[in-house]
Amino acid sequence: MRLAGKRAFVTGGRQGIGRAIVETFETEGAEVVTCGRGPKPDGLGSNWISLDVSDAAAVLEVAQELGVLDIVVNNAGVQVEKTVVDSTDADWDLVMGVNAKGVFNVCRALIPQMQEGGSIINIGSISGNVADPSMALYNASKAFVHGLTRSIAVDHGPAIRCNAICPGWIETSMLDAGFELAQDPQKAKADALARHAVKRFGKPADIAAIALWLASDEASFATGQLFTVDGGMTAASPLNPGLF
Amino acid sequence: MMLNGKVALVTGARGGIGRAIVARFLKEGATVYAADLTPEGSLDRHDDDGSLFVKLDVTQEADAIAVMDQVRNAHGKLDILVNAAGIEIEKTVEDTTLEEWNQSFAVNCTGTFLTSKYAIPLMREAAKSGSSASLINFGSYDGFIADPGLAAYCATKGAVHALTRAMACDHGPEGIRVNAVCPGYIDTPMLQSFFNGDGSGGGGGNIETLQQAVRDVHPMRTYGTPTDIANLVNWLASDEARYASGQLWVLDGGLSAQVQQMKL
């Protein structure tokens, strides 16, 4: 039980990576509260709060309910699959509202009530370092998360550690939406798999595993960093002669 | 017990960080080969910790072959290799002799290459169990940004970073994950040597004052311990890290997350 006695708040726990983190933290003994837009999903035993993290006032209100926390995971995120030219003001408000402002809202509200030795884990992305095509605002929002992660580590250490995880291609509904953009989704999938050194896509549990390590006291010297877990994809050049 | 049934080999195993890794691997249930030049390594004592000591000069191809033959005969596989052997020459390019330059590359780069070269066939065997094998190199935060007076060291670590990505690319499809751990300031004999030597920046300044100044520049207000590094190496070695490959894992208490701290 690596998180026994710890209290955690995880945003975006309905499905995918967030759900895996909630379940892993609970298995390791933490008391977990999670949130998302809409009602409590089926099968989630943990405390659920309906919350849109882009709403600063609502986040402040929830902060009062939450009390003292050891771990905060900023996982809630959305994507809009468009270039800059095609993106609307509403797209900007949605993507930057949740992915960027949401992380800011949650950190600003919760840092003052975190325990000494607390750990903030933000979900960044490999897309914050290298661009996915037709994901302009998403890519930019994740670069914001990376910059904010370093700032929090520098400003709020040594009391609080702050790191970001940069997942690669993880089997979630977001990944499916990405493949649907392709002219031939099956072919695109095969091509993408060939670009992974470990020859598979990630699973939400793969990301929950590093989140657990970063949340635990074992990571007490880890702060201000971006930890990529992508099955080796971004270690390889995108020009992969084996594919031609 | 995160490493039950796994066979591990650690080079530089009797140095500051190496000992912490060996101790953790043993605690997690692994069979551990502790490879170093001598049973004492870079420290002045030898503790019988339950690991299997093997003499290995990482710059010697014959040593690498002999050590891997020993592992093959005993287990037929190697699940985990940690290339922790390393040396540090505390000099600028101008002051570094050719011999010192060659020795830095021989230990830090050629050593990583040779040990990996003869370990990979055994790691491929380990991966047939269905769990990936894990190869962990020692890079450094100095492979990204430079400390003064460590020219050859910084260069070798940059080379290890690139080699890490290359090996991840080549051997991932065979079930071998390859990552590098990039420590910042860790309390080891190497760090004490750096404080005492030309790299102190102060040239004969008070060592306690210097150490406090170094701690204060870290967002975590401390430098790390070998245990901090062993915690990460253990995770990367375990099946929990089964999707982690080709990455450089900086562990530095936030040091490199900030820009230079100006004293104005």
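What counts, and at which threshold
- Residues numbered from 1 in each chain as written.
- Chains lettered and ligands numbered in written order.
- Predicted model: local features only at pLDDT ≥ 70, side-chain atom pairs only at ≥ 80, totals over all residues.
- Heavy atoms only, no water.
- Helix = DSSP H or I, 4+ residues; strand = E, 2+ residues; numbered from the N terminus.
- Rg over C-alpha atoms; globule rule 2.2 N^0.38 Å.
- Buried < 20%, exposed > 50% of the residue type's maximum accessible area, 1.4 Å probe, protein only.
- Core = buried A, V, L, I, M, F, W, Y, C linked by side-chain atoms within 4.5 Å.
- Contact = heavy atoms within 4.5 Å.
- 1 Å grid on protein atoms, 1.4 Å probe; cavity = no way out; pocket = protein on both sides within 12 Å on 5 of 7 lines; lining within 4 Å.
- Points joined across faces, edges and corners; volume = space filled by probe spheres on them.
- Nonpolar A, V, L, I, M, F, W, Y, C, P; charged D, E, K, R; others polar.
- Arc of directions from axis to C-beta.
- Pairing = 2+ DSSP bridges.
- Axes fitted to C-alpha atoms, helices over the stretch in contact; angles between N-to-C directions.
- Parallel < 35°, antiparallel > 145°, perpendicular 65-115°, else oblique.
- Left-handed = near helix turned anticlockwise from the far one by under 90°.
- Salt bridge = Lys/Arg side-chain N within 4 Å of Asp/Glu carboxyl O.
- Buried area = accessible area lost by both parts, 1.4 Å probe.
- Polar contact = N/O pair within 3.5 Å; in protein donor to acceptor, adjacent residues only side chain to side chain.

Caption draft 1: Local environment of the overall build of chain B. When you go through chain B residue by residue, the secondary structure sums to seven helices and seven strands. Reading the helices (α) and strands (β) of chain B from amino to carboxyl end gives β-α-β-β-α-β-α-β-α-β-α-α-α-β. For 264 residues, the compact-globule estimate of 2.2 N^0.38 gives 18 Å, and chain B sits close to it at 18 Å. Along the three orthogonal principal directions, the C-alpha set of chain B runs to about 60 × 35 × 35 Å. Looking at chain B residue by residue over its 264 residues, the buried ones come to 55%.

Caption draft 2: The arrangement of the nonpolar core in detail. Within the largest apolar cluster, 68 residues are counted, with the highest numbers of intra-cluster contacts made by Phe25 of chain A together with Phe25 and Val82 of chain B. Element by element, the count of residues in this core is highest for helix H7 (residues 204-215) of chain A, at nine residues. Those residues in contact with Phe25 of chain B, other than ones at most four positions away along the chain, are Leu3, Ala8, Val10, Ala30, Val32, Ile80, Val82, Val233, Asn234 and Ala237 of chain B. Core analysis: the second largest hydrophobic core is formed by 32 residues, Ile49, Leu51, Leu137 and Ala153 of chain A among them.

Caption draft 3: How the structure looks around the side chain of Asn122 of chain A. All names here are of chain A. Tracing the sequence through the fold places Asn122 in strand S5 (residues 114-123). Under the relative-accessibility criterion, Asn122 is labelled buried at 0%. Those residues in contact with Asn122, other than ones at most four positions away along the chain, are Asn74, Val103, Cys107, Val145, Thr149, Cys162, Asn163, Ala164 and Ile165.

Caption draft 4: Quick look at the layout of surface pockets. Residue and element names in this part refer to chain B. Estimated volume of the second largest pocket: approximately 890 Å³. Forming the walls of the second largest pocket are 43 residues, and the residues nearest its centre are Ala84, Ala85, Gly86, Ile87 and Met190. At the level of elements, helix H1 (16-27), strand S2 (31-36), helix H3 (98-127), helix H4 (151-171) and helix H5 (189-196) are the ones that each hand at least two residues to the lining of the second largest pocket. The element that contributes the greatest number of residues to the lining of the second largest pocket is H5, accounting for five residues. In terms of residue class, the lining of the second largest pocket is built from 20 nonpolar, 16 polar and seven charged.

Caption draft 5: Summary view of the environment of Cys107 of chain A. All names here are of chain A. Tracing the backbone shows Cys107 in helix H3 (residues 89-110). What makes Cys107 buried here is its relative accessible area of 3%. For the pair formed by Cys107 and Pro167, sequence separation is 60 residues and the distance between their alpha carbons is 20 Å. Those residues in contact with Cys107 that lie beyond four places of it in its chain are Asn74, Pro112, Ile120, Asn122 and Ile152.

Caption draft 6: Layout of H5 of chain B. Within H5 of chain B, the full set of buried residues consists of Leu191, Phe194 and Phe195 of chain B. One side of H5 of chain B holds all its buried residues, which, seen down the axis, span an arc of 100 degrees.

Caption draft 7: The arrangement of the sheet that holds S5 of chain A in detail. All names here are of chain A. Taken in spatial order, the seven strands of this open sheet run S3-S2-S1-S4-S5-S6-S7, and their pairing is parallel. Strands with a single pairing partner mark the edges of an open sheet, and in this sheet they are strand S3 (47-50) and strand S7 (226-229). Along the sheet, successive strands turn relative to each other by an average axial angle of 20 degrees, direction set aside. Where strand S1 (residues 7-11) lies against strand S2 (residues 31-36), five bridges are found, and the strand directions are parallel.

Caption draft 8: The arrangement of the sheet that holds strand S1 (residues 7-11) of chain B in detail. All names here are of chain B. Judged by pairing direction, the sheet is parallel, and its seven strands sit side by side in the order S3-S2-S1-S4-S5-S6-S7 without closing on themselves. Here the strands that pair on one side only, and so sit at the sheet edges, are strand S3 (52-55) and strand S7 (248-251). Strand-to-strand twist of the sheet, defined as the mean angle between neighbouring strand axes without regard to direction, takes the value 20 degrees. Sitting on the sheet, H1 touches S1, S2, strand S4 (80-83) and strand S5 (133-138), and the angle it makes with S1 is about 170 degrees.

Caption draft 9: Broad picture of the packing of H3 of chain A against helix H4 (residues 136-156) of chain A. Residue and element names in this part refer to chain A. Remark: H3 packs on H4, axes separated minimally by 9 Å, with the N-to-C direction vectors making an angle of 15 degrees. Accordingly, the angle class assigned to the pair H3 and H4 is roughly parallel. Crossing angle aside, the handedness with which H3 passes H4 is right-handed. Seen from H3, the contacting residues are Asp91, Trp92, Val95, Met96, Asn99, Ala100, Val103, Phe104 and Cys107; seen from H4, they are Leu137, Tyr138, Ser141, Lys142, Phe144, Val145, Leu148 and Ile152.

Caption draft 10: Broad picture of the pattern of salt bridges. Inspection of the entire model under this criterion finds 20 salt bridges over all chains. Note that Glu100 of chain B is salt-bridged to Lys91 of chain B, the shortest N-O span being 2.7 Å. Since its relative accessible area comes to 27%, Lys91 of chain B is described here as partly exposed. The shortest N-O distance in the salt bridge between Glu174 of chain B and Arg124 of chain B comes to 3.2 Å. Placement of Glu174 of chain B in the loop between H4 and strand S6 (176-183) and of Arg124 of chain B in helix H3 is noted, with a sequence separation of 50 residues between them. One continuous salt-bridge network, built from bridges that share partners, spans Arg2 and Glu28 of chain A together with Glu240 of chain B.

Caption draft 11: Main features of empty space enclosed by the protein. All names here are of chain A. Under the defined criterion, the tally for this structure stands at one cavity of 30 Å³ or more. Taken together, Thr11, Val53, Asn74, Asn75, Ala76, Val98, Gly102, Val103 and Val106 make up the lining of the largest cavity. Broken down by element, the residue count for the lining of the largest cavity peaks at four residues, all from H3.

Caption draft 12: Expanded view of the interface of chain A and chain B. Across the boundary between the two partners, chain A contributes 39 residues, which contact 37 residues of chain B. Summed over the three residues of chain A that lose the most area to chain B, namely Trp213, Glu218 and Phe221 of chain A, the buried surface amounts to 24% of that side. Taken together, the links from chain A to chain B amount to three salt bridges. Of the charged contacts in the structure, one is a salt bridge between Arg242 of chain B and Asp206 of chain A, with a shortest N-O distance of 3.2 Å. Applying the counting rule to chain A against chain B returns 16 residue pairs in polar contact (both at pLDDT 80 or more). Among the elements of the structure, H4, strand S6 (160-167), H7 and S7 of chain A are those that each provide at least two residues to the side of chain A that touches chain B. Of all the elements, H7 of chain A adds the most residues to the side of chain A that touches chain B, at six residues. Among the residues making up the side of chain A that touches chain B, the classes are represented as 20 nonpolar, 11 polar and eight charged.

Caption draft 13: Quick look at unusual backbone geometry. Residues and elements named next belong to chain A. That bond from Gly157 to Pro158 is cis: its omega, 0 degrees, falls within 30 degrees of zero. With respect to the element layout, Pro158 can be found in the loop between H4 and S6. In this model, Ser134 sits at a positive phi of 55 degrees, which is unusual for a non-glycine residue. Looking at the element boundaries, Ser134 is found in the loop between S5 and H4.

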